[in-house]
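Now for the letters of each chain:
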Amino acid sequence: MLFSEASGKTQKYIFGEEEKGIVPAGNLYAKVLVDVPGLGPLDYKVPDDMLVAVGDRITANIQTRKVVGVVAALENATDLQGKRIRSITSVLNDVPPLSAEWLALTRFASLYYLRGWGEAALSALPLFFKRLPKKNHRAMLEKFRRKGIAPSVERSSTQSKPVLNAEQMAAVDAVVSAKGFVPFLLFGVTGSGKTEVYLHVMEEVLHRDPEAQVLLLVPEINLTPQLQARVKARFPHEYVAAMHSEYSDGERAAAWLAVHEGRARILVGTRLSIFSSFKKLALILVDEEHDLSYKAGDGLRYSARDLAVWRAAKNSCPVVLGSATPSLESWAKALKKEYVLLTLTQRAMSKAKLPQIDLIDPNPKGSGMLVSPEAEGSIRSELDAGRQVLVFLNRRGYSPVLSCPSCGWVSACIRCSAFTVFHKREKALICHHCGWRRPVPDACPVCGNVDILPRGTGTERLEEELERLFPGKRILRIDRDSTSKKHEAEKAFARVHAGEVDILVGTQMIAKGHDFQNVGLVVILNADTQLLSPAARAREHLFSTLMQVAGRAGRANGKGRVLIQTRFKDEPLFEALRLQDYRRFANETLEERRENFSVPFVYQALITAESDALAKAVLFLETIARRGRGVASGEVRVFDPVPMPLVRLMNRERAQLLVEGDERKTLHRFLRGLLEGVKSPSDVVWQVEIDPTDV
Ligand code: ADP
Ligand code: ZN
Ligand code: ZN
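Within any chain, residue numbers begin from 1 and follow the written order of that chain's sequence. Each chain gets a letter, beginning with A, and each ligand a number, beginning with 1, in the order they are written. Since the coordinates come from a predicted model, pLDDT governs what is reported: local features require at least 70, and pairs of side-chain atoms require 80 or more to be given and counted, while whole-chain, interface and lining totals use all residues. In computing side-chain values, all of the structure's heavy atoms are included and hydrogens and water are not.

1. Overview of the overall build of the chain
No. 1: Only DSSP runs of H or I covering at least 4 residues are called helices, and only runs of E covering at least 2 are called strands; the numbering of each starts at the N terminus. When you go through the chain residue by residue, the secondary structure sums to 19 helices and 30 strands.
No. 2: A radius of gyration in this sense is built from C-alpha atoms; the matching globule rule multiplies 2.2 Å by the number of residues raised to 0.38. A compact globule built from 695 residues should have a C-alpha radius of gyration of about 26 Å, and the chain, at 27 Å, falls within 12% of that.
No. 3: Seen through its C-alpha atoms, the chain measures out along the principal axes to roughly 85 × 65 × 55 Å.
No. 4: Across the 695 residues of the chain, 53% fall into the buried class.
No. 5: Counting only contacts in the chain whose residues sit at least 6 apart along the sequence, the fraction spanning at least 24 positions is 75%.
No. 6: Counting only carbon and sulfur atoms, one obtains 53% of the accessible surface of the chain, whose full area is about 30400 Å².
No. 7: In this tally Asp and Glu are treated as negative and Lys and Arg as positive; neither His nor the chain ends contributes. Lysine's charge is taken at NZ, arginine's at CZ, aspartate's at CG and glutamate's at CD. A gap of 3 Å separates the mean positions of the 96 positive and 82 negative side-chain charges of the chain. Throughout, exposure labels follow a simple rule: accessible area from a 1.4 Å probe, protein chains only, divided by the maximum for the residue type, with under 20% read as buried, over 50% as exposed, and the rest as partly exposed. Contacts were defined at the residue level, with two residues in contact if any of their heavy atoms lie within 4.5 Å. Surface accessibility follows the Shrake-Rupley procedure with a 1.4 Å probe radius. Residue values consider only the protein chains on display as shielding.

2. Quick word on the sheet that holds strand β22 (residues 475–478)
No. 1: The sheet built from six strands is open, its strands ordered β15-β25-β24-β16-β23-β22 with parallel pairing. Here the strands that pair on one side only, and so sit at the sheet edges, are β15 (353–360) and β22. Each strand of the sheet is rotated relative to its neighbour by a mean of 20°, with strand direction disregarded.
No. 2: In terms of strand pairing, strand β16 (residues 388–392) meets strand β24 (residues 519–524) through five bridges, oriented parallel. A strand pair is defined by DSSP finding two or more bridges across the two strands. Here, axes are lines fitted to C-alpha atoms. For helices the fit covers the stretch in contact, and angles between N-to-C directions go from 0 to 180 degrees.

3. Focus: the side chain of aspartate 502
No. 1: By the element assignment, aspartate 502 lies in the loop between α13 (488–497) and β23 (503–506).
No. 2: Polar contacts, as counted here, are pairs of nitrogen or oxygen atoms within 3.5 Å of one another; within protein the pair requires one atom able to donate a hydrogen and one able to accept it, and residues that are adjacent in sequence qualify only if both atoms are side-chain atoms. Engagement of the side chain of aspartate 502 in a polar contact is seen with the backbone nitrogen of arginine 474, the distance being 2.7 Å.
No. 3: The residues contacting aspartate 502, other than those within four sequence positions of it, are Leu383, Arg387, Gln388, Val389, Lys473 and Arg474.

4. Considerations on the coordination of the zinc ion (ligand 3)
No. 1: Distances from the zinc ion (ligand 3) to its protein donors, Cys413 (SG), Cys416 (SG), Cys431 (SG) and Cys434 (SG), fall at 2.2 to 2.4 Å.
No. 2: Ligating atoms shown are N, O and S within 2.8 Å of the metal, or 3.2 Å for Na, K and Ca, and water is not included, meaning a site may look less than complete. When four donors show all angles between 85 and 135 degrees the site is tetrahedral, when four or six donors have opposite pairs over 155 degrees and all other angles between 65 and 115 it is square planar or octahedral respectively, and in every other case it is irregular. In this structure, the zinc ion (ligand 3) is surrounded by four donor atoms whose angles at the metal cover 105 to 113°, and the resulting shape is tetrahedral.
No. 3: Within one chain, the residues donating to the zinc ion (ligand 3) are spaced in sequence as C-x2-C-x14-C-x2-C.
No. 4: Here cysteine 431 falls in the buried class, since its relative accessible area comes to 1%.

5. A look at the site of ligand 1
No. 1: Looking at ligand 1, there are 17 residues lining it, with Val163, Gln168, Lys194, Thr195 and Arg230 nearest.
No. 2: Contacts to ligand 1 include glycine 193, whose backbone N or O atom sits 3.0 Å from an oxygen atom.
No. 3: Interatomic distance of 3.0 Å between a side-chain N/O atom of arginine 230 and an oxygen atom of ligand 1.
No. 4: For ligand 1, the protein covers 81% of the area, taking 550 Å² as the surface of the free molecule.
No. 5: A total of three residues in the shell around ligand 1 trace back to one element, the largest contributor, which is helix α6 (residues 194–208).
No. 6: Residues are grouped as follows: Ala, Val, Leu, Ile, Met, Phe, Trp, Tyr, Cys and Pro are nonpolar; Asp, Glu, Lys and Arg are charged; all remaining types, including Gly, are polar. Its residues placed into classes, the shell around ligand 1 shows six nonpolar, six polar and five charged. Distances are taken per atom, and a residue is near a molecule or strand as soon as one of its heavy atoms is within 4 Å of it.

6. Examining the environment of methionine 243
No. 1: On the secondary structure map, methionine 243 appears in strand β10 (residues 240–243).
No. 2: Taking the C-alpha atoms as reference points, methionine 243 and leucine 402, separated by 159 residues in sequence, lie 39 Å from one another.
No. 3: In this structure, methionine 243 is in contact with Arg252, Ala255, Trp256, Leu267, Val268, Gly269, Thr270, Leu272, Ser273 and Ser276, ignoring residues within four places of it in sequence.

7. Things to note about the environment of proline 151
No. 1: By secondary structure assignment, the location of proline 151 is in the loop between α4 (137–147) and α5 (166–176).
No. 2: Put simply, proline 151 and phenylalanine 235 are 84 residues apart on the chain and 9.8 Å apart in space, counted from C-alpha to C-alpha.
No. 3: Look past the residues within four positions of proline 151 in its chain and what remains in contact with it is Pro236, His237, Glu238 and Tyr239.

8. Considering the coordination of the zinc ion (ligand 2)
No. 1: For the zinc ion (ligand 2), the full set of protein donor atoms is Cys404 (SG), Cys407 (SG), Cys444 (SG) and Cys447 (SG), at a range of 2.3 Å.
No. 2: Because the angles between the four donor atoms bound to the zinc ion (ligand 2) fall within 104 to 114°, the donor set is best described as tetrahedral.
No. 3: Summarised as a motif, the one-chain spacing of the donors to the zinc ion (ligand 2) is C-x2-C-x36-C-x2-C.
No. 4: On the basis of relative accessibility, which here comes to 36%, the residue cysteine 407 falls in the partly exposed class.

Bear in mind that shape data such as this cannot, by itself, settle questions of function.
Printed below as a string of structure tokens:
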């Protein structure tokens, strides 16, 4: 299929949503977005006989390289006439042009996150659509299109629809009767039926308008298959497209194309899906909106949740942010009535009750055992009653460090300022920051002592401990190590759901989203480590993680129980957790933040620099800081450069500079002025992050 009809728009002067009239043939120039950091749209001449539309992918030469670019605008630019400007080499009219709305989204992202528009736009496309077409390009496209069609037959497992309770109904009503853009915060305890609300709202939106499309964003975790299956079962006649960072480029390209061409009306996907191109986006849902995985960790450091709200506004449609423990940012907006708050206070299934949470003493330090006698007893009686137990420890590997008691040697990474973690099964010491690994030495590399010892406990060692305590029980460990291969996590979770596992041990991978039907007890070990962390947001992350883990207990049958081993029973965080009172925790924390002039009452940007030596990075940031202080008004504060918490990563030493503003606008204006034309020494690499999450 050729899209020459789309190219019929060629001779118009189009930017964004405006049409500014007809341009005479022969004077047409294109502003082209290319994937080169720092480069803005480039001017190219449109050959007289070429049909090209705004949003088309084209090929053009940059220096000696031929690349794929996106046409951001077409202009009759008389001032460019006579200049030596290269021509577009070809138009890739294999798919319809990208929409003005998509161009506006990528432009906004580039302005907001202070990156080039070209970089923002091209990084939003699957590889297949941004590389020069290979010989089999058309054949591949046809293959994608054949795959991406809505099923015509009834699926065998059509899901029955539960009758909504009053709270759910009120939430659905509010969203479906929204006129235009309305942001909602759906605050519902775990298991309160938020997903059910999403499904009902989707159904109504899709039913109302046969062209409407829906985006359901999910965190970067392995609950995607479960949720995806639930959506597919509910919409047996729709092709439900899915996107996940683990998908191959072919899978991603097929899903992307189905959404772009409107064949898929539902897209379920992780953060990168926010940059998908839709024909008619009519609803955005963000599940677990507080989840940190919505924030991109490198490149364009966008927040998919924040872009979701922007995009809904642009499309004049509702957006629903759902969570049992909303981010403080969203909660503050709900308190200010910027977001409409919808609450679900009860667990949806009549038999399911919120679990009882108890704080218990950990074993004394140095006992060598992590599970306390009290926890052990509770696990035993739970297993005897035929229910499953979940044991949570947020640290993978066997032990976080190996050490030599005789000379004090500790296993450390040669590239990072970090310990290497002892992995017993793999017989390796691995750095969790850079992946560097070496075999476990037989003796201390410094003094030759053969009695080198693991210090501390990770999930692998915990698994051994549980095997010793509960011989014959089926114990399964789920963490990134045990599920590194594709579909391994899915299979592991399927075994838990099928009742083939008695005790599930794992990291936060097991915390989120999973709707376990037979877990009666959740045991949380060493929550204290994170409690003592100096990071400003450590506590809110801990609170939400613990609420999530606790939420795995008693989801279907009867009352679940949660045991938390802690030395800090008086900690208000635990008190709020025990009462499962998110409001209390959030309101108290926000009050503290307001008093301390901290986020979300101020806006932040973090400038980071790295080099082969810390001093160079710090020096560079100091020059920026000095310049900044010279021009900063009272509403913007420039702090001192400091080493990053993990100073050395892969042999690069890193420092950071925090800049804060009372208003988002003033902060952005200030940063643009400050960073405009900044040149770092050749051995210093720097970047800026807006709304950083780990300072
Ligand atoms: P959440 O997304 O808030 O964790 P879910 O939507 O997954 O909650 O619902 C939890 C469980 O309750 C699921 O098994 C779901 O099928 C069931 N459920 C949801 N709403 C209802 C309802 N109104 N009546 C009966 N069961 C429900
Ligand atoms: Zn030694
Ligand atoms: Zn390392």
